[in-house]
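# Structural characterization, general
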Amino acid sequence: MSTLNTLPPSTDTSATVPEVGKEVQRRELGVFLRSRRERIRPEEVGLAPGGRRRTPGLRREEVALLAGVGVTWYTWLEQGRDINVSVQVLEAVSNTLRLDRLERNHLYTLAGVQLGPTRGECAALPQSIQKMLDAVSPYPAVVVNARYDVLAFNDAYCKVVLDLREVPVEERNMLWLSFVSTEWRCSFVDSLSMKVHMVAGYRAALADHLGEPEWQDLTQRLVAGSPLFAELWERYEVAEPSTRIKLLEHPKAGLLRVEPAILWLSQLGHLRANVYTAADEDTEAKLRALVGVDS
């Protein structure tokens, strides 16, 4: 059985993580900027295609020109150099690269510019959260953090999606269960599209945790353990949690159509409760039968 491991207890990273984190963050910013400019064709922004290009999309000097910033400054930004960036410049670069709202927020985070107050994360959930999860039965519900670690779940989730009570605590991570683990399988039918979206969500969340050992360790293990994760990781897509209807194939009840309701537990940090509600009457009846809830 595979397990999620952390750094050995004897490893002391407390003195180096902050500076290492900044370096990683700047490097990640460069990777993100390159990936965004390479997806834009010159003709889309009013530039002539020109001769043969070594890389797809816009050149650095073209981004700098369109954003109204110096070529050297923009080059240094992509190279991960330690330079000061202003909100005005970031906004100009964001507009030039045609970033959507989530990508723009990701850019600001990587650049170390706060768009709002930071929030901590609660290590232990209050009992009221478990009571809430139990109260929404027969709908499966789970609480995860930004790293997709499972922090709480209800009985309905165990009976309908995956019995997390049987999964060792160190393996209760949705990315690990979806991409690497061979013993624990969720019953989602449209798993590929879900995996694509999960990786994009994890990539977006990582911007706030660059250089943190737990995040680095998980990312490295996912890349090493799953070729599909490694492939999706290289795409550098970012996304928010999806609320589109999902399909589950239950061995007893057959096909279930559920619609996620995402409840942000803002008072506890970057935690969210995913409640899978019935998308039709047939699924409603099946969920009640599976969980043992009277109509």
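In this text, all values refer to a predicted model and were calculated from it rather than measured experimentally.

The next subject is the pairing of strand β5 (residues 271-278). Among the 8 residues of β5, 7 are classified as buried, and the element is accordingly described as predominantly covered. Pairing analysis gives 5 bridges linking strand β1 (residues 141-145) to β5, with the strands arranged antiparallel. Bridge pairing in β5 places V143 opposite A273. Bridge analysis of strand β4 (residues 254-264) against β5 gives 7 bridges, and the strand direction is antiparallel.

Let's shift gears to the sheet that holds strand β2 (residues 150-153). Taken together, the 5 strands give an open sheet; going across it, the order is β2-β1-β5-β4-β3, and neighbouring strands pair in antiparallel fashion. Edge positions in the sheet fall to β2 and β3 (246-250), since each has one partner strand and no second. Sheet twist, expressed as the average angle between the axes of neighbouring strands with direction ignored, equals 30 degrees. Packed onto the sheet, helix α12 (residues 281-291) meets β3, β4 and β5 and runs at close to 85 degrees relative to β4.

Most peptide bonds adopt trans geometry, and most residues besides glycine take a negative phi value. Cis geometry marks the peptide bond from S137 to P138; its omega dihedral reads 20 degrees. Mapping P138 onto the fold places it in the loop between α6 (127-135) and β1. For R98, which is not glycine, the phi torsion reads 55 degrees and is therefore positive. For R98, the location among the structural elements is in the loop between α4 (87-96) and α5 (101-110). Given the relative accessible area of 47%, R98 is considered partly exposed. If you check the backbone angles, Y236 has positive phi at about 55 degrees while not being a glycine. Looking at the secondary structure, you find Y236 in the loop between α11 (227-235) and β3.

Scoring rules and cut-offs
- Residues numbered from 1 in each chain as written.
- Predicted model: local features only at pLDDT ≥ 70, side-chain atom pairs only at ≥ 80, totals over all residues.
- Heavy atoms only, no water.
- Buried < 20%, exposed > 50% of the residue type's maximum accessible area, 1.4 Å probe, protein only.
- Helix = DSSP H or I, 4+ residues; strand = E, 2+ residues; numbered from the N terminus.
- Pairing = 2+ DSSP bridges.
- Axes fitted to C-alpha atoms, helices over the stretch in contact; angles between N-to-C directions.
- Contact = heavy atoms within 4.5 Å.

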